[in-house]
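As a plain string of letters, each chain reads:
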Amino acid sequence: GTVVVACGDQVPYEDSLRALLLGTPLRLESQFRLTYNVMLNLLRVEGFKVEDMIRRSFSEFHAQSDNRDKKRRLDKGHAVLSRMGQVDCIHGEPTIEEYTAMSHQVANTTWDITDFVLRSGAGRNHLSAGRVVIVSGRA
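Computed from a predicted model, the values in this text were never measured in an experiment.

Enquirer: Explain the overall build of the protein chain to me, please; I cannot follow it from the model alone.
Expert: A tally of regular secondary structure across the protein chain gives 6 helices and 0 strands. Taking the contacts inside the protein chain whose residues are at least 6 apart along the sequence as the reference set, 13% of them involve residues at least 24 apart. Of the roughly 13400 Å² of accessible surface on the protein chain, a fraction of 58% belongs to carbon and sulfur atoms.

Right, here's the structure in full:
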């Protein structure tokens, strides 16, 4: 696949990038242990599922509490948005139309250039597996 490293002005050293891209990933181990006590609790309570037990685990508890906070903030944002007045649309003005057309033209041209570079022989040589290509917007 294609890997894009967004690093700004501070490009990592080649060894660091090689280890990051080609190194072996860390092994993930589950902290959930299915013990006899857990199984007895699951059997004891009717309608209680393994998913419910996992949901009540320590790490899942924090994830769920974060979701409740996000939901609360989203509801608050919706309330603020609903109190705002109607915004008049200026889409019919020529400057907006021109901007929209130019924006589409830029996107299409960018796609055409990318497609050309990826299909060309030189592009395939420079964009091969294991090679890092730095794209800069500066002239």
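Enquirer: What should I look at first to understand the pattern of salt bridges in this one?
Expert: Oppositely charged side chains are able to pair whenever their charged atoms sit close together. Counted according to the given criterion, the structure contains 5 salt bridges. Residue R18 is joined to E14 by a salt bridge in which the shortest nitrogen-to-oxygen separation is 2.4 Å. With a gap of 4 residues between them, R18 and E14 both fall in helix α1 (residues 14–22), about one helical turn apart. It is possible to trace a salt-bridge network through shared partners that takes in D69, R72 and R73.

Enquirer: Any chance you could explain a nonpolar patch on the surface here in plain terms?
Expert: Taken together, V3, V5, V11, L20, L21, L22, V132 and I134 make up a surface patch of nonpolar side chains, about 730 Å² in accessible area. Positionally, V11 belongs in the segment before α1.

Enquirer: Can you walk me through the confidence of the model for the protein chain in this structure?
Expert: Caution is warranted with low-pLDDT regions, since their predicted coordinates should not be read in detail. When pLDDT is averaged along the protein chain, the result is 77, and 78% of the positions lie at 70 or above. Looking at the elements of the protein chain, mean pLDDT is at its lowest for helix α3 (residues 50–55), recorded as 70, and at its highest for helix α5 (residues 94–119), recorded as 84.

Enquirer: Would you mind going over the environment of V133 with me for this structure?
Expert: Secondary-structure assignment places V133 in the segment after α6 (121–126). Taking the C-alpha atoms as reference, V133 lies 9.8 Å from V3; in sequence the two are 130 residues apart.

Here is what the cut-offs are and how they apply
- Residues numbered from 1 in each chain as written.
- Predicted model: local features only at pLDDT ≥ 70, side-chain atom pairs only at ≥ 80, totals over all residues.
- Heavy atoms only, no water.
- Helix = DSSP H or I, 4+ residues; strand = E, 2+ residues; numbered from the N terminus.
- Contact = heavy atoms within 4.5 Å.
- Areas by Shrake-Rupley, 256 points an atom, 1.4 Å probe, with all protein chains shown as cover.
- Salt bridge = Lys/Arg side-chain N within 4 Å of Asp/Glu carboxyl O.
- Patch = residues over 30% accessible without salt bridge, like charges linked within 9 Å, V, L, I, M, F, W, Y side chains within 5 Å.
- pLDDT = per-residue confidence, 0-100.

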